[in-house]
Each structure stands twice: as C-alpha cells, then as structure tokens.
Amino acid sequence: MTHLWVRAEERANERRVGLTPEGAAALLDRGIAVTVEESPDRIIATEDYARAGCRIAPRGSWRQAPAEALIFGLKELPEDGTPLAHRHIMFGHAYKGQRAGRRLLARFAAGGGTLYDLEYLLDPEGRRVAAFGYWAGYAGAAVSLLAWAAQARGADCPAVDAWPDKPAMDGQVRAALNGLDTPSAIVVGALGRVGTGAADLCEAMGVQPTRWDMAETEGGGPFPEILTHTLFFNCILARPGTPVFVRPEDADATDRALRVIGDIACDPDSDYNPVPLHDRATTWAAPVVRVRETPPLDVMAIDNLPSLLPLESSRDFAEQLLPSLLALDSLDAGVWGRAAAEFDTHVKEAAQ
C-alpha cells in the first residue's frame, strides 16, 4: 500500500502544510495510507486530520517511519548530515548550485533515498503543477512596502509575523503607507505567479507597478530603468543565463531612486543570483539588510514568505497538488517519474 507520511515542519516560523484534511480524506478513499505528525505550529489543527481518518504520529518520528513511506514536508530538513534513506517530497533547493543543496544531495546519495522536489513536479509542457508563488509575491511585496515606509520615516523595518489572513496584512501595509507619497515600483517576472502576486499587492495599495518579463530582459542588461524606481521586485526563477538586474556598481550610484529591493525569488547562495548584493536570506525578526547607506538601499530576502499568510497559501497549494498526490500509486509515471529523473540527473552530477 502507498503510504504518505506528512512530517511536522522543523523550521522556525513555518506553519504551512501541503495537505488539508479534506485532501487527506480523498487520499484515504483512494486507498493511500496517510500518517500526519503532531505539530502545534501547523496552521491546521492535528485533530482535524485525525477526524479525517489519518493516523497521528509524534513530531519528528518520520526518521523511524517504514522504509516504504513517502515523507512529505515543505521546507528543508535540519542540516545534521545524516544519510537519507526514505523517499522525500519537499522543496529541496538543490538543483541551482546552492551550497546547502549540494550537501542535501550528498545525504541522499549516502542513504540511497530519493528526492521528489516540489519545484520540479512538472506537467508534460514543463509547467509546475503546484506552487506557492502567488502568495510569496503578495507577502514579499507587503513586507517590502513596510520596509520602504519605515525607511522613509528614518526608522528600521519592523519585525514581521504571520498574519491571520490577507485583510489583516492589507490593513497593516495600508496604515504604514498613510501620509507618505506614493512610491514607484517595478516587477520583473510580472507574468508569473510570483510577479502577479507582487503586482496585485501593489495595486491594492494604490501603487501601479511597471511590469517587466522576459521580453524586457532578454537583452541581458544592464537595466538602468530599474534604478529609476523606488522599489524593485525580483520575481524570476534563477537559472543559467539569467541576467544580473542590479549590479554592485549600480547600487553605488548616488543618483539612484531605488531604495528597496524585494528579492522575492531569494536565491542569494545560487550561482545564478540576479541580485548579487547580499549573500544570505533575511528573517522575520530582521526582514531587510542595509546594503548601501547613501542613499539607503535595503534588500528584503525572506525565503519563506508564503508562511506569512499560512492559511491562504496552504489551502491554495494543497488544492493544486492534490491531483498529483492522488497519483502516488504510479510513482514511475507522470509528474513523479519526471521528478525522479530530475533527481537522478542532479545526484549523479553532484557525485562527480
């Protein structure tokens, strides 16, 4: 029997989940066993999964799960160096040259397990079947506007925490902007899910953003137009050949209007980072890093932005992913077969 084991997230400030109780019930009806670990942090109560018929297991017990279980989480595992023998479904962040990703692949190679990377669950046309992108864009733009509003008042960007829902987030950003001139903004990657979310937040706040996508950036830069905007939102998927959007020397220009970069795509340790002004993600406690002082330039690079709206983002993602989870009994075909082939390619490359 196919067995899906939903682990508790072990990363701080992570409340999302990729399966709702309603989805779990659909899997059980399909004959797929579902185990859900206890988690006081998960936005959906453990008791709701129990009522749906799931088996409940202690937090972190996936390490002792049956060998055939598929371990399902969202964010990365603790970097403890242990070999990984199970098959894992999660965001591995391991295929774009990330240093932590290379270490993760080494752990899979050592344990003989397999990574089904959620970012690489693709349909036959190469489109992702499920993504948190819209809510990453929406929340990333919100935090970036909070950062700009604080900077404009000579203050530091305040710490952020998960909002109970989208209206609460909108209300806080609108209040922060009250009394300030309307900033200008540019969204690069505007046609994708992330860029759409960022642009929608901007418009909800009365900011009409400039929207760029591949057609505007195919020349490879530099892009002086970005420097003429108050805020720049990086919403693209970094890959080989991705141009650099803001170079260190651009940030040094004293006449730039740019004050905040919302690095929503957030690949600071990737070889293909298009915003090479910072080398690490920022945090909920310190949402921005000041990379230039005169004039000020802050970078927002939180790498779990959708968890700032955990309820909306979890429900949306889970709904997108459920059809693929219902096909878990056919791991050699479809999205799962393609994801396994992608893993095999990268784990072999990492071993060379």
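See the structure printed just above.
(A) Region of interest: helix α1 (residues 21-29). Where α1 is concerned, the buried positions are P21, G23, A24 and L27. What you see down the axis of α1 is that its buried residues fit within an arc of 155 degrees, all on one side. Counted as exposed and oriented over 90 degrees from the buried face of α1: E22 and D29. Tucked inside the fold, the buried residues of α1 contact β1 (3-6), β2 (33-37), α2 (46-51) and α9 (310-325). G31 lies just past α1 and shows a positive phi near 95 degrees.

(B) Expanded view of empty space enclosed by the protein. Going through the model one piece at a time under the given rule, you end up with 1 cavity of 30 Å³ or more. The computed volume of the largest cavity comes to approximately 50 Å³. In terms of lining residues, the largest cavity is bounded by V6, R7, E9, R16, V17, G18, R42, F72, G73 and L74.

(C) How the structure looks around unusual backbone geometry. Here the residue pair G221 and P222 is connected by a cis peptide bond, since its omega of 5 degrees sits within 30 degrees of zero. Turning to its location among the elements, P222 is positioned in the loop between α7 (214-217) and β9 (231-234). Of note, the amide linkage connecting T294 to P295 takes the cis form, showing an omega dihedral of -15 degrees. Inspection of the secondary structure puts P295 in the loop between β11 (288-292) and β12 (297-300).

(D) Structural view of the sheet that holds strand β4 (residues 70-72). Sheet architecture is open: 6 strands sit in the order β3-β2-β1-β4-β5-β6, paired in parallel fashion. One side of each edge strand has no neighbouring strand; the edge strands of this open sheet are β3 (55-57) and β6 (114-117). Taking each pair of neighbouring strands and ignoring which way they run, the sheet shows an average axis angle of 25 degrees. Judged from the 4 bridges that link them, β1 and β2 form a sheet pairing that is parallel. When the sheet's bridge partners are listed, W5 is paired in β2 with T35. Along the sheet face, helix α10 (residues 334-351) touches β5 (87-90) and β6 and points at about 120 degrees away from the line of β6.

(E) Spotlight on the environment of T282. Checked against the element boundaries, T282 lands in the loop between β10 (260-263) and β11. Residue classification places T282 among the buried positions, given a relative accessible area of 9%. Taking the C-alpha atoms as reference points, T282 and C235, 47 residues apart in sequence, are found 16 Å from one another. Look past the residues within four positions of T282 in its chain and what remains in contact with it is P287, V288, V289, V299, M300, A301 and I302. A distance of 2.9 Å separates the side chain of T282 from the backbone nitrogen of A301, its partner in a polar contact. Separated by 3.1 Å, the side chain of T282 and the backbone nitrogen of I302 make a polar contact.

(F) Looking closely at the packing of helix α4 (residues 133-152) against helix α6 (residues 193-204). Interaxial distance between α4 and α6 falls to 6 Å at its minimum, and their mutual angle equals 40 degrees. Classified by the angle between their axes, α4 and α6 sit oblique to one another. Crossing of α4 against α6: the hand is right-handed. On α6, the residues touching G133, Y134, G137, Y138, A141, A142 and L145 of α4 are R193, V194, T196, G197, A198, D200, L201 and A204. Grouping the constituent residues of the contact of α4 with α6 by class yields 9 nonpolar, 4 polar and 2 charged.

(G) Just the sheet that holds β11, in detail. With mixed pairing, the 6 strands of this open sheet are ordered in space as β8-β7-β9-β10-β12-β11. Lying at the two open borders of the sheet, with one neighbouring strand each, are β8 (210-212) and β11. On average, adjacent strands in this sheet sit at an angle of 20 degrees to one another, irrespective of strand direction. Sheet analysis places β9 next to β10, joined by 4 bridges and oriented parallel. Considered in β10, the bridge of N234 is made with D263. Across the sheet, α4 lies against β9, β10, β11 and β12, angled at about 155 degrees from β9, the strand it touches most. Strands β7 (185-188), β8 and β9 of the sheet are contacted by α6, whose axis makes an angle of about 165 degrees with β7.

(H) Just the pairing of β12, in detail. A two-sided burial pattern is seen for β12, the buried positions comprising L297 and V299 on one face and D298 and M300 on the other. Bridging between β10 and β12 involves 3 bridges; their strand directions are parallel. Residue pairing across strands places V260 opposite D298, the latter belonging to β12. In terms of strand pairing, β11 meets β12 through 4 bridges, oriented antiparallel.

(I) Seen up close, helix α3 (residues 99-111). Helix length check: α3, at 13 residues, gives a terminal C-alpha distance of 19 Å against a target of 18 Å (1.5 Å per residue), a fit within 8%. Considering only its buried residues, α3 is in contact with β5, β6 and α10. Downstream of α3 by one or two residues, G112 has phi in the positive range, about 80 degrees.

(J) The environment of F233, seen in detail. Within the secondary structure layout, F233 lies in strand β9. Between the alpha carbons of F233 and A50 there is a distance of 41 Å; along the sequence they are 183 residues apart. Setting aside residues up to four positions removed in sequence, F233 forms contacts with G140, A141, S144, A185, I186, V187, V188, C202, G262 and I264.

Cut-offs used in this document
- Residues numbered from 1 in each chain as written.
- Predicted model: local features only at pLDDT ≥ 70, side-chain atom pairs only at ≥ 80, totals over all residues.
- Heavy atoms only, no water.
- Buried < 20%, exposed > 50% of the residue type's maximum accessible area, 1.4 Å probe, protein only.
- Helix = DSSP H or I, 4+ residues; strand = E, 2+ residues; numbered from the N terminus.
- Arc of directions from axis to C-beta.
- Contact = heavy atoms within 4.5 Å.
- 1 Å grid on protein atoms, 1.4 Å probe; cavity = no way out; pocket = protein on both sides within 12 Å on 5 of 7 lines; lining within 4 Å.
- Points joined across faces, edges and corners; volume = space filled by probe spheres on them.
- Pairing = 2+ DSSP bridges.
- Axes fitted to C-alpha atoms, helices over the stretch in contact; angles between N-to-C directions.
- Polar contact = N/O pair within 3.5 Å; in protein donor to acceptor, adjacent residues only side chain to side chain.
- Parallel < 35°, antiparallel > 145°, perpendicular 65-115°, else oblique.
- Left-handed = near helix turned anticlockwise from the far one by under 90°.
- Nonpolar A, V, L, I, M, F, W, Y, C, P; charged D, E, K, R; others polar.
- Expected span 1.5 Å × (residues − 1).

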